[in-house]
Amino acid sequence: MHTSIQLDRPGGHLAALCLGDADGEPVLALHGWRDNAASFIPLSGHLSGYRVVAPDFPGHGHSAHRPAGDGYLFVDYVADVAHAVAGLGWRHFHLVGHSLGANVALAYSAVFPERIRSQVLIEGVGPTSGEAGDTVNRLRRSIEAELDPEPPRRGGYPDWQTLIDARCRASPVSRDGAELLVRRNAREEAGEIRLHTDRRLRNPSAMYLTEAAVMEFVRGVEAPTLVILADQGTIIDRDVTHQRIAALGNAEKAVLPGNHHLHLDVPAEVAGAMLPFLGSRARKA
């Protein structure tokens, strides 16, 4: 059972799903790139005693797209979270993120450490950092993509199953999980299924943080942190993943069987790792 709400954000609203126990401890859940709030529906069903609010980032799900001329910089997502928290009126809460959402969660918890009781990072420990010497070329590629955008897809998908198949091919995820995502990212128009996520999300990022800047966020985290990695996921084999985890001052790590979207595919197992941590390690409100 879930309800939908809207939160104010300059430039357009943020849509959100309210999941779980209405009187439970507040949890803000942040989804991954080109996913949406429905990403947390399966997991929330296993988090008894918690009230999960999952916003759609701008350009995703039912949230407004960023205004013309604006991009999708990583730091802007951190501001989106701050606006969502202000709209909810929360002072202290748990923070959960998957992939991009985990990276944003880590940054937000460093910027506003006094608000976070605990955080769970699923398949993400801070944003991708930029290579020295690539800054100028990266900015050019981003601007060129904005000036000469990829032509829109001709027509939509003939039915939901075709779109679900396409989502499953894009990255390893169960069909049930893929259906949850695409149903919130698309709509029926003129007898076709059309995605309504912002196409600019595919554009190259205009700027990456340096690894030194990312590590400043990592070292700024004060809340107890649980990092959940999938043994067949996208970041477990990266040295930088484990360097960042080691730099977190108050962290635990759990490696679970699964792929990048394990919170969608094996939510009971993910909740099984989360609940003891949330119950024993969270800071007092």
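Below is a short write-up of the structure. Quantities reported herein were computed from a predicted structural model and do not represent experimental measurements.

## Looking at the overall build of the protein
Part 1 of the reasoning: In terms of regular secondary structure, the protein is built from 10 helices and 10 strands.
Part 2 of the reasoning: Scaling as 2.2 N^0.38, a compact globule of 285 residues should have a C-alpha radius of gyration of about 19 Å, and the protein matches this with 18 Å.
Part 3 of the reasoning: Taking the principal axes of the C-alpha coordinates as reference, the protein spans close to 50 × 50 × 35 Å.
Part 4 of the reasoning: When the 285 residues of the protein are sorted by exposure, 49% land in the buried category.
Part 5 of the reasoning: Residue pairs at least 24 apart in sequence account for 75% of intrachain contacts in the protein once pairs closer than 6 positions are excluded.
Part 6 of the reasoning: Carbon and sulfur atoms make up 51% of the accessible area of the protein, which totals about 13,300 Å².
Part 7 of the reasoning: Side chains of the protein carry 29 positive and 34 negative charges; the gap between the two charge centres is 2 Å.

## A closer look at the packing of helix 7 (residues 211-220) against helix 8 (residues 239-247)
Part 1 of the reasoning: Where helix 7 contacts helix 8, the two axes come as close as 9 Å, and the packing angle between them is 35°. Considering only the axes of helix 7 and helix 8, their crossing is right-handed. Contacts from Glu211, Val214, Met215, Val218 and Arg219 in helix 7 reach Val240, Gln243, Arg244 and Ala247 in helix 8.
Part 2 of the reasoning: Residues of the contact of helix 7 with helix 8, tallied by class, amount to five nonpolar, one polar and three charged.

## Quick look at the pairing of strand 3 (residues 25-30)
Part 1 of the reasoning: As judged from the four bridges shared by strand 3 and strand 4 (residues 50-55), these two strands associate in the parallel manner. Among the inter-strand pairings, Val27 is bridged to a residue of strand 4, identified as Val52.
Part 2 of the reasoning: Examined bridge by bridge, strand 3 and strand 5 (residues 93-98) share four bridges and lie parallel to one another. Within the sheet, the bridge partner assigned to Ala29 lies in strand 5 and is Val96.

## Side note on helix 2 (residues 74-88)
Part 1 of the reasoning: Spanning 15 residues, helix 2 covers 22 Å between terminal C-alpha atoms, matching the ideal 21 Å at 1.5 Å per step.
Part 2 of the reasoning: Among all positions in helix 2, only Phe74, Tyr77, Val78, Asp80, Val81, Ala84 and Val85 are buried. The buried residues of helix 2 occupy an angular sector of 155° when projected down its axis, which confines them to one face.
Part 3 of the reasoning: Buried positions along helix 2 lie against strand 1 (2-7), strand 2 (14-20), strand 3, strand 5 and helix 3 (100-111).

## Things to note about the nonpolar core
Part 1 of the reasoning: Core analysis: the biggest nonpolar cluster contains 42 residues, and Leu28 and Val104 have the highest contact counts within it.
Part 2 of the reasoning: Among the elements of the structure, strand 2, strand 3, helix 2, strand 5, helix 3, strand 6 (116-122), helix 7 and strand 9 (225-230) are those that each provide at least two residues to this core.
Part 3 of the reasoning: Non-local contacts of Leu28, meaning those with residues more than four positions away in its chain, are made with Val53, Pro55, Val81, Val85, Leu88, Trp90, Phe93, His94, Leu95 and Val96.
Part 4 of the reasoning: Within the second largest apolar cluster, 26 residues are counted, among which are Leu17, Leu262, Val270 and Leu278.

## Points about the sheet that holds strand 5
Part 1 of the reasoning: On the basis of which strands lie adjacent, the open sheet formed by eight strands has the order 1-2-4-3-5-6-9-10 and mixed pairing. Each edge of the open sheet carries a strand with a single partner, namely strand 1 and strand 10 (251-256). The average undirected angle you get between the axes of adjacent strands in this sheet is 20°.
Part 2 of the reasoning: Bridge count for strand 9 against strand 10 is six bridges, and the pairing is parallel. Within strand 10, the residue paired with Leu229 across the bridge is Val255.

## Overview of the packing of aromatic side chains
Part 1 of the reasoning: Enumeration over the complete set of coordinates arrives at five aromatic pairs.
Part 2 of the reasoning: Here the aromatic cluster, defined as three or more aromatic residues joined through ring pairs, consists of Trp90, Phe93, Tyr108 and Phe112.
Part 3 of the reasoning: In this structure, Arg34 is placed above the aromatic ring of Trp33, and the distance from its NZ or CZ to the ring centre is 5.6 Å.
Part 4 of the reasoning: A cation over a ring is seen here: Arg138 above Tyr208, with NZ or CZ 3.8 Å from the ring centre.

## Digging into helix 4 (residues 135-147)
Part 1 of the reasoning: If you check helix 4, its first and last C-alpha atoms are 19 Å apart, about what 13 residues at 1.5 Å a residue would give, namely 18 Å.
Part 2 of the reasoning: The set of residues buried in helix 4 consists of Arg138, Ser142 and Ala145. Down the axis of helix 4, the sector holding all buried residues measures 65°, keeping them to one side. When the buried face of helix 4 is taken as reference, the exposed residues oriented beyond 90 degrees from it are Val136, Arg140 and Leu147.

Calculation rules
Residues numbered from 1 in each chain as written. Predicted model: local features only at pLDDT ≥ 70, side-chain atom pairs only at ≥ 80, totals over all residues. Heavy atoms only, no water. Helix = DSSP H or I, 4+ residues; strand = E, 2+ residues; numbered from the N terminus. Rg over C-alpha atoms; globule rule 2.2 N^0.38 Å. Buried < 20%, exposed > 50% of the residue type's maximum accessible area, 1.4 Å probe, protein only. Contact = heavy atoms within 4.5 Å. Areas by Shrake-Rupley, 256 points an atom, 1.4 Å probe, with all protein chains shown as cover. Lys, Arg positive; Asp, Glu negative; His and termini not counted. Charge placed at Lys NZ, Arg CZ, Asp CG, Glu CD. Axes fitted to C-alpha atoms, helices over the stretch in contact; angles between N-to-C directions. Left-handed = near helix turned anticlockwise from the far one by under 90°. Nonpolar A, V, L, I, M, F, W, Y, C, P; charged D, E, K, R; others polar. Pairing = 2+ DSSP bridges. Expected span 1.5 Å × (residues − 1). Arc of directions from axis to C-beta. Core = buried A, V, L, I, M, F, W, Y, C linked by side-chain atoms within 4.5 Å. Phe/Tyr/Trp six-rings, centres within 6.5 Å; stacked < 30°, edge-to-face > 60°. Lys NZ or Arg CZ within 6 Å of the ring centre and 35° of its normal.

Everything listed is a geometric property; what it means functionally is a separate question.
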